[in-house]
Amino acid sequence: MSIKHNRVLFIDRDGVINVRLIDDYVTKIEQFQFLPGVLEAIAAFSKLFDRIFIVTNQQGVAKGLMTEDDLKKIHAHMLAQIEQNGGNIDAVYYCHHHKLDNCECRKPKNGMFLQALKDYPDIKDSIYYMVGDTKSDMGFGKNIGATNVMIANSDSELNSNYNFVFPSLKKLSSDIHLVLG
Ligand SMILES: [Mg+2]
Ligand SMILES: [Zn+2]
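Just so it is clear, the model here is predicted, and its values are computed rather than measured.

Caption draft 1: Representation of the overall build of the protein within the structure. The helix and strand tally for the protein stands at six helices and six strands. Counting helices and strands in the order they occur from the N terminus, the protein gives β-α-β-α-β-α-β-α-β-β-α-α. In terms of overall size, the protein behaves like a compact globule, its C-alpha atoms giving a radius of gyration of 15 Å where 181 residues would be expected to give roughly 16 Å. By principal-axis analysis of the C-alpha atoms, the protein measures approximately 55 × 35 × 30 Å. Partitioning the contacts of the protein with sequence separation of at least 6, the portion at a separation of at least 24 is 61%. Counting every atom, the protein has about 9,100 Å² of accessible surface; 51% of that belongs to carbon and sulfur.

What follows is the structure, encoded as structure tokens:
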């Protein structure tokens, strides 16, 4: 008897999909810039993974630097670009709380995973992959039992809590067979 496990990919946003603004937040569409090769990479992942979710901490909302509506506009823009390039994201989850709020959804906590599980019950018992560029991403991946992929560039937070490391989502896409096994 064999059981087919779905592959589910969780991707962090800033520093992985788009250029991360150091010590600042993307608060409007004009500041949202895709990193090179990301649109093609997501299109390729859409063929390999059963579901793809973006999970992002956006405490700029709690800090009053943007509204939740501003954030939704940025995500609508991002998703439109991804879809126009052949990619498909099932949902974008974000935590808009402040670090000090001690909410359940801010990575590394697993609240966004639990929400995805509620919205997409078919992801239960899947094989999970988490791609991110910070310690909190790798903590999130660890908390949900994911294979952790660290995107390490000059802005990344160094840590050792990962299974694989790549310099970019583009490079991960070209070597994805190494991760999927
Ligand atoms: Mg990030
Ligand atoms: Zn939260």
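Caption draft 2: Highlighting the coordination of the zinc ion (ligand 2). Bound to the zinc ion (ligand 2) are the protein donor atoms Cys95 (SG), His97 (ND1), Cys103 (SG) and Cys105 (SG), situated 2.0 to 2.3 Å from the metal. What the four donor atoms of the zinc ion (ligand 2) show is an angle range of 101 to 119° at the metal, which sorts the shape as tetrahedral. The sequence pattern formed by the donor residues of the zinc ion (ligand 2) is C-x1-H-x5-C-x1-C. For cysteine 105, a relative accessible area of 18% corresponds to the buried category.

Rules and cut-offs
Residues numbered from 1 in each chain as written. Chains lettered and ligands numbered in written order. Predicted model: local features only at pLDDT ≥ 70, side-chain atom pairs only at ≥ 80, totals over all residues. Heavy atoms only, no water. Helix = DSSP H or I, 4+ residues; strand = E, 2+ residues; numbered from the N terminus. Rg over C-alpha atoms; globule rule 2.2 N^0.38 Å. Contact = heavy atoms within 4.5 Å. Areas by Shrake-Rupley, 256 points an atom, 1.4 Å probe, with all protein chains shown as cover. Donors = N, O, S within 2.8 Å, 3.2 Å for Na, K, Ca; no water. Tetrahedral: all angles 85-135°; square planar, octahedral: opposite > 155°, others 65-115°. Buried < 20%, exposed > 50% of the residue type's maximum accessible area, 1.4 Å probe, protein only.

All we've got here are geometric facts, nothing functional implied.
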